[in-house]
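# Descriptive structure summary
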Amino acid sequence: MGQSQIVDGVRVIWCVLLAAITLSAGMPAVAHPPGPSRHRHLADREPNQTLNPEEEAYVHTPAGFQQAGEPRIVDSKDVAKATLRVKVVDADSGELTAARVNIVGPQGNFYEPLENGLAAWSRQHTAANETHGPSRYYGWYFYTLGQFAAQVPVGDIRIEVWKGYECQPVRRIVNVSAGESRDLTITMERTVPMNAYGYYAGDTHIHLNRTNSYDDERALDLMAAEDIEYGFILCMNEPSHYSGLMPRQIWPQDMGFGKSSVQTRGRYGIASGQEYRARTYGHICLLMHERLVLEGLTINPNEWPVFGQIGEQTRQLGGFSFHAHGGYSHEIYADYVQQLTDGVELLQMAHYRGIGLTGWYRVLNVGYRFPAVAGSDFPYCRCLG
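Below is a summary of the structure that appears in this document. Residue positions within a chain follow its written sequence, with the count starting from 1. Two thresholds apply to this predicted model, a pLDDT of at least 70 for residue-level local features and 80 or more for giving and counting side-chain atom pairs, whereas whole-chain, interface and lining totals are computed over all residues. Only hydrogens and water are set aside; all other atoms, that is, all heavy atoms of the structure, feed into the side-chain values.

## Some details on the side chain of R353
Cut-off, in case you're wondering: By the criteria applied, helices consist of DSSP H or I runs no shorter than four residues and strands consist of E runs no shorter than two, each listed in order from the N terminus. Buried, partly exposed and exposed residues are distinguished by accessible area as a fraction of the type maximum, computed with a 1.4 Å probe on protein chains only: under 20%, between the cut-offs, and over 50%, respectively.
The topology assignment puts R353 in the loop between β20 (351–352) and α8 (356–366). Residue class for R353 comes out buried when judged on its relative accessible area of 10%.

## Quick look at the nonpolar core
In globular proteins that are soluble, nonpolar side chains generally tend to be buried together. Spelled out, the test is: To qualify as a nonpolar core, a set must consist of buried Ala, Val, Leu, Ile, Met, Phe, Trp, Tyr and Cys residues joined through side-chain atoms within 4.5 Å. In what follows, a contact means two residues having at least one pair of non-hydrogen atoms within 4.5 Å.
Core analysis: the biggest nonpolar cluster contains 25 residues, and W121, Y143, L208, M223, F378 and L384 have the highest contact counts within it. Contributions of two or more residues to this core are made by α5 (213–225) and β14 (268–278). The greatest single-element share of this core, amounting to 6 residues, is contributed by α5. For M223, the contacting residues outside a window of four places in its chain are I206, I228, G231, I233, Y268, I270 and L384.

## Description of the environment of S261
Along the chain, S261 turns up in the loop between β12 (242–243) and β13 (263–265). For S261, a relative accessible area of 0% puts it in the buried group. In this structure, the C-alpha to C-alpha distance between S261 and R210, residues 51 residues apart in sequence, is 9.6 Å. Those residues in contact with S261 that lie beyond four places of it in its chain are R210, M255, G256, I270, A271 and S272.

## Re the pairing of strand β3 (residues 99–104)
Keep this limit in mind: Any two strands between which DSSP finds at least two bridges are classified as paired.
In terms of burial, β3 is a largely internal element, 6 of the 6 residues being buried. By the alternation rule, side chains of β3 split into A99, V101 and I103 and R100, N102 and V104, which are all buried. Both β3 and strand β7 (residues 155–162) contribute to a ladder of 5 bridges, which runs antiparallel. Of the residues in β7, the one forming a bridge with V101 is V161.

## Concerning the sheet that holds strand β9 (residues 181–188)
Rule in force here: Axes, fitted as lines to C-alpha atoms, cover a helix only where it is in contact. Angles between the N-to-C directions of the axes lie from 0 to 180 degrees.
Strands sit in the order β6-β2-β9 across an open sheet of 3 strands; the sheet is mixed. Each having just a single partner strand, β6 (147–153) and β9 make up the two edges of the open sheet. Each adjacent strand pair in this sheet contributes to an overall mean axis angle of 25°, direction not counted. Examined bridge by bridge, strand β2 (residues 81–90) and β6 share 7 bridges and lie antiparallel to one another. Within β6, the residue paired with K81 across the bridge is P153.

Shown next as structure tokens:
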């Protein structure tokens, strides 16, 4: 993957939503408790983002169990334990491949490896940052580079493995006894090779630090685990004020900006961008521009400038601008008619927000070409991608 490919990637209306629907039945059929009625939102209703215990329990209840599981650690002094040594491999290459994993014990609780370089992004470490996202089963997952060892209780242990939207999810159950050490290999098969049809998975709204090469490697690891080929990593400002200096940004991007920030590894690539935020006008994601907008200036973003001017400057810097979180219903209408911004993050955190689906169709029916994307806002959501 080269720089030109990742630049082109921002122009793609990704097939993530279609693929998610296509593969929603990918797991073997197992009865699952019905979800709360609260998670069924209309296309034009703002989501209730307050923490809801019923919904959180639904997200953490594995199929076949009637109550939510909890993240647990097997006591090192417990004699009734076993060790699982797991490899996750790609069906085509036979090599280790990164993935998202749940280990479910006989009581429906979840277990993680004691040593894991990606532990900081497991659900139990990021869940405090979010109260919203797709209301479906995630469990207390962790990410792996493809090989791990975990201590588990005795009995039936379920290993669930996901890798993006194109690979067939895998569920394997093994029965382990006290003191046993079991080796297990799980093969991930790409059943929907969307690249062959000109589609590439992307996430235009991710918040991770990029301060050194270590950060870059971890970001690419997470992209690989969720099979996200184009990842745009964004800094952001506090909505109450703006300073056009990188040290003043949350989630700093110190590895360049725009084209100079592109890093690739195999089929996966990342680039740094910016989420410009205000309380008055909303949030807007700026991608592939050469440097921060309003560089060096300190302003109150709630008074001026409007997003149309931010979008215009972003274009002058070689980038694109997408209204975040559904467009916030007001500012977006003034901007798209002037064709100063490039699209809207319409489906965000699994909800049609801001102008809603109906508002977006009105834009199209007026005669404007206004693309929609669906960035995740990780880690402020339940899962990357």
